Amino acid sequence: RARRAVLVAAGAFGTPELLLRSGVRSRSGELGRNLRIHPACWVGARFEEPVNGWDGVMQSYAVDEWRERGILLEATFTPLAFGGHWMPGVGAEYQERLASYGHVASTGVHLSDRSSGRVALAGDGSLKITYRLTRDDATRLTFGIARAAELFYASGAREVYPQIGGIPTIARNRIPELDASPPPPRRLRLEAFHPLGTARMDSDPARGVVGTDGAVHGYEALHVADASLFPSSIGVNPMMTIIAMASHVAREFAERH
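Residues numbered from 1 in each chain as written. Predicted model: local features only at pLDDT ≥ 70, side-chain atom pairs only at ≥ 80, totals over all residues. Heavy atoms only, no water.

## Side note on the side chain of Asp-226
So the rule is basically this: Runs of H or I in DSSP of at least four residues are treated as helices and runs of E of at least two as strands, each being numbered from the N terminus. Pairing of N or O atoms within 3.5 Å defines a polar contact, subject to two protein rules: one partner must be a possible hydrogen donor and the other a possible acceptor, and residues neighboring in sequence count only if both atoms are side-chain atoms. Note on definitions: a residue-residue contact is assigned when non-hydrogen atoms from the two residues lie within 4.5 Å.
Structurally, Asp-226 is set in the loop between strand 11 (219–224) and helix 6 (239–256). One polar contact links the side chain of Asp-226 to the main-chain amide nitrogen of Ala-10, over a distance of 3.0 Å. At 2.9 Å, the side chain of Asp-226 forms a polar contact with the backbone nitrogen of Gly-11. In this structure, Asp-226 is in contact with Val-8, Ala-9, Ala-10, Gly-11, Thr-15 and Ile-242, ignoring residues within four places of it in sequence.

Take a look at the structure:
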């Protein structure tokens with residue numbers, strides 16, 4: 001039991017779970033809500049020449065031209081043990097693509113999501129996490145997939161793997177069809193990264209869980225310093241912003257306690 005104050009830094013899943021299990025309640029009703037997860041899609045391309053993407057820096061370049069749409073393309077590479085399942089095909093076709101994995105380049109289509117989810121406690125006391133991707137966000141992700149495909153073909157790719165159900169590969173002349181008729185959310189093969197926002201920061205207790213000093217509204221000796229503080233999704237990987245916010249909260253915490 002803390003004598004003077006508590007500082008919680010259990011992440012966007014652990015912090016709301018800990019607070020809810022401890023009986024903490026938020027006047028805003030936002031505790032555990034506002035979950036953002038940066039939905040993302042691995043888009044791969046096969047080239048004639050070797051790429052050997054496992055050599056050197058795996059996360060190297062980014063394209064932020066479409067940041068106003070919430071889309072960031074991040075050049076990265078997934079080693080075979082983790083990326084082989086993204087390759088399309090079955091049997092000999094699949095085997096041949098795996099054998100040529102050294103000729104594959106990939107990029108991540110990263111979305112600053114407007115969709116949201118929730119971290120809560122289920123009726124049996126277990127942790128329950130829900131999230132629903134909106135059609136608008138699925139459309140923006142599809143836009144990013146189409147731009148990644150164009151980039152790869154402009155670089156000389158033989159074929160591109162868009163990670164859309166029913167479209168194992170996409171030819172260059174079929175890319176405009178994605179823009180004209182985006183698939184529904186359920187057809188996108190996505191990953192999720194960087195959970196954020198489940199104890200959102202806002203100076204107004206009716207809108208946020210914690211104030212701008214990191215203190216939980218109504219519990220002045222209880223502070224939060226992690227990714228759950230984000231009031232909305234950001235457009236880049238959040239590590240440096242989390243560090244900056246945690247440093248700000250830590251200074252306020254040290255001065256007060």
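There's more to say after this.
## Some remarks on helix 6
Quick note on the threshold: Any helix carries an expected span of 1.5 Å times its number of residues minus one. Between buried and exposed lies partly exposed: a residue is buried under 20% and exposed over 50% of the maximum accessible area for its type, with that area taken using a 1.4 Å probe on protein chains only. The directions from the helix axis to the C-beta atoms are what the arc is built from.
With 18 residues, helix 6 ought to run about 26 Å at 1.5 Å a step, and its terminal C-alpha atoms sit 26 Å apart, in line with that. Among the residues of helix 6, those classed as buried are Met-245, Val-249 and Phe-253. The buried residues of helix 6 occupy an angular sector of 75 degrees when projected down its axis, which confines them to one face. Exposed residues pointing more than 90 degrees away from the buried face of helix 6 are listed as Met-239, Met-240, Arg-251, Ala-254 and Glu-255.

## Concerning the packing of aromatic side chains
The condition that has to hold: Working definition: rings of Phe, Tyr and Trp (its six-membered ring) pair if their centres are within 6.5 Å, and the pair is stacked with planes under 30 degrees apart, edge-to-face with planes over 60 apart, and tilted otherwise.
Tallied over the entire structure, the rule returns five aromatic pairs. With centroids separated by 6.2 Å and ring planes inclined at 75 degrees, the aromatic side chains of Phe-47 and Phe-152 adopt a geometry described as edge-to-face. Of the two residues, Phe-47 sits in the loop between strand 2 (39–46) and strand 3 (62–63) while Phe-152 sits in helix 4 (residues 135–154), which places them 105 residues apart along the sequence. Assigned by exposure class, Phe-47 and Phe-152 land together as buried. Relative to Phe-77, the ring of Trp-54 has its centre 6.1 Å away and its plane inclined at 65 degrees; by these criteria the two rings are edge-to-face. Note that Trp-54 is positioned in the loop between strand 2 and strand 3 and Phe-77 in the loop between strand 4 (71–75) and helix 2 (80–83), a separation of 23 residues in sequence. For Phe-77, a relative accessible area of 7% corresponds to the buried category. A network of ring pairs unites the aromatic residues Trp-54, Phe-77 and Tyr-101 as a single cluster.

## Overview of the side chain of Ser-233
Assignment of secondary structure puts Ser-233 in the loop between strand 11 and helix 6. You can call Ser-233 buried: its relative accessible area is 12%. Of note is the side chain of Ser-233, whose polar atom sits 3.4 Å from the side chain of Ser-112. Side chain to side chain, Ser-233 and Asp-113 meet in a polar contact 2.9 Å long. Discounting residues that sit within four places of it in the chain, Ser-233 has contacts with Arg-36, His-38, Ser-112, Asp-113 and Leu-196.

## Concerning the confidence of the model for the chain
Worth spelling out the cut-off: Known as pLDDT, the predictor's per-residue confidence is scaled from 0 to 100.
Within the chain, residue pLDDT values average 95, and 100% of them lie at 70 or more. Between the elements of the chain, mean pLDDT differs from a low of 88, seen in helix 2, to a high of 98, seen in helix 4.

## What about the nonpolar core?
The criterion, for reference: Here, nonpolar core means buried Ala, Val, Leu, Ile, Met, Phe, Trp, Tyr and Cys residues that are tied together by side-chain atoms lying within 4.5 Å of each other.
By size, the foremost hydrophobic cluster in this structure holds 27 residues, and its most contacted members are Val-43, Val-109, Ile-145, Phe-152, Ala-157, Val-160 and Leu-188. Going through the elements one at a time, strand 2, strand 4, strand 5 (104–111), helix 4 and helix 5 (175–180) are the ones with two or more residues in this core. Per-element accounting of this core gives the leading share, nine residues, to helix 4. With residues near it in sequence (within four places) discarded, Leu-188 still touches Leu-133, Ala-138, Leu-141, Thr-142, Ile-145, Gln-163, Ile-164 and Pro-183. Counting residues in hydrophobic clusters, the runner-up holds 19 residues, among them Val-8, Leu-19, Val-24 and Val-249.

## Some details on the sheet that holds strand 11
Operational definition: By definition, two strands form a pair when at least two bridges between them are found by DSSP. Axis angles are defined between N-to-C directions and span 0 to 180 degrees, where every axis is a line fitted to C-alpha atoms and, for a helix, only to the segment in contact.
The sheet built from three strands is open, its strands ordered 1-11-10 with mixed pairing. Strand pairing shows two members of the sheet lacking a second neighbour, strand 1 (6–8) and strand 10 (215–216), which therefore form its edges. Two elements, strand 10 and strand 11, share two bridges in a ladder whose sense is antiparallel. Bridge assignment links Ala-215 to a residue of strand 11, and that residue is His-223. Together, strand 1, strand 10 and strand 11 form the strand contacts of helix 6, whose direction differs from that of strand 11 by roughly 145 degrees.

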